[in-house]
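Structural overview
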Amino acid sequence: MHIVLFGSPGVGKGTQAKRLRERKNWTIIATGDLLREAIAQGTALGLEAKSYIDKGELVPDSVVNGLAREQLSKITGGFALDGYPRNLTQAVQLDEWLSDLNKPIQKAILFELPEEELVKRLSGRRLCSECGAVFHIESGPSQKGDLCDKCGGNLITRSDDEPETVKRRLAVYSEQTQPLVEYYERQGLLVRVSAEGSPDEVFERLIQALE
Ligand code: AMP
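In this report, we go over the structure that sits alongside the text.

The rules we used
Residues numbered from 1 in each chain as written. Predicted model: local features only at pLDDT ≥ 70, side-chain atom pairs only at ≥ 80, totals over all residues. Heavy atoms only, no water. Core = buried A, V, L, I, M, F, W, Y, C linked by side-chain atoms within 4.5 Å. Buried < 20%, exposed > 50% of the residue type's maximum accessible area, 1.4 Å probe, protein only. Helix = DSSP H or I, 4+ residues; strand = E, 2+ residues; numbered from the N terminus. Expected span 1.5 Å × (residues − 1). Arc of directions from axis to C-beta. Contact = heavy atoms within 4.5 Å. Pairing = 2+ DSSP bridges.

The next thing to look at is the nonpolar core. The biggest cluster of nonpolar side chains holds 31 residues, and the ones touching the most others in it are Val 4, Phe 6, Leu 72, Leu 81, Leu 94, Ile 105 and Tyr 184. Those elements giving two or more residues to this core turn out to be strand 1 (2–7), helix 2 (31–41), helix 3 (44–53), helix 4 (61–72), strand 3 (79–82), helix 5 (88–100), strand 4 (107–112) and helix 8 (179–186). With 5 residues, helix 4 is the single largest residue contributor to this core.

Following this line, the structure appears as structure tokens:
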């Protein structure tokens, strides 16, 4: 199956995408993760992306589309796109590529959560600086405190999870990403999934939504 996962920052897309990879063995393309890797490696692309990410803005389409295209061309089985597309230009470009590859999007999953809950999830989120595992200080803490209980790396707050940047990211979501709701609805692909509750509860709903 070929799907898109989208929804506001903090809704838990990344957590659910990782679970899909484990359960279904699908390829996950997460543009945010790819950009953070490029930043960690200090590449020119990473350096360019960092200036946008730190302000809570979207990275230019030319940069993100290039990254996504490269990954899409390698896919063989099912896949889920996490955080891509994030605006209409990207969505139209993606549809064009996938039509050429004969792998059109079959469902676009929209995760929904009230705004107060989004802010709470973002401000408590901690990321392993080594392996990228995601924790939450209240709902999913690491057993090793400030260290990752998977690899022992240091847990950090993502720089774009700081309160001012979060505000901008939420505004960018409603201006630029929200129009995708109508875009996928018109194509009959939109499926709404409530992101309330624990990651396990959301995952159960997601699996049902995919059936
Ligand atoms: P994420 O990990 O998906 O929350 O992405 C973190 C940041 O990376 C976003 O706030 C954007 O600045 C950037 N980013 C990730 N995916 C995209 C995309 N598809 N288009 C533009 N910018 C993106």
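Let us keep going from here.
Between the first and last C-alpha of helix 9 (residues 199–210) there are 16 Å, a value that for 12 residues agrees with the 16 Å anticipated at 1.5 Å per step. Of the residues making up helix 9, those classed as buried are Val 202, Phe 203, Leu 206, Ile 207, Ala 209 and Leu 210. When helix 9 is viewed along its axis, its buried side chains cluster within an angular range of 160 degrees and face the same direction. Looking at the buried residues of helix 9, the elements they touch are strand 1, helix 1 (13–24), strand 4 and strand 8 (190–194).

If you trace the 3 strands from one edge of the open sheet to the other, you get 6-5-7, paired in antiparallel fashion. Every other strand in the sheet has two partners, leaving strand 6 (134–136) and strand 7 (155–156) as the edge strands with one partner each. Bridging between strand 5 (residues 125–128) and strand 7 involves 2 bridges; their strand directions are antiparallel. Directly across from Cys 128, in strand 7, lies its bridge partner Leu 155.

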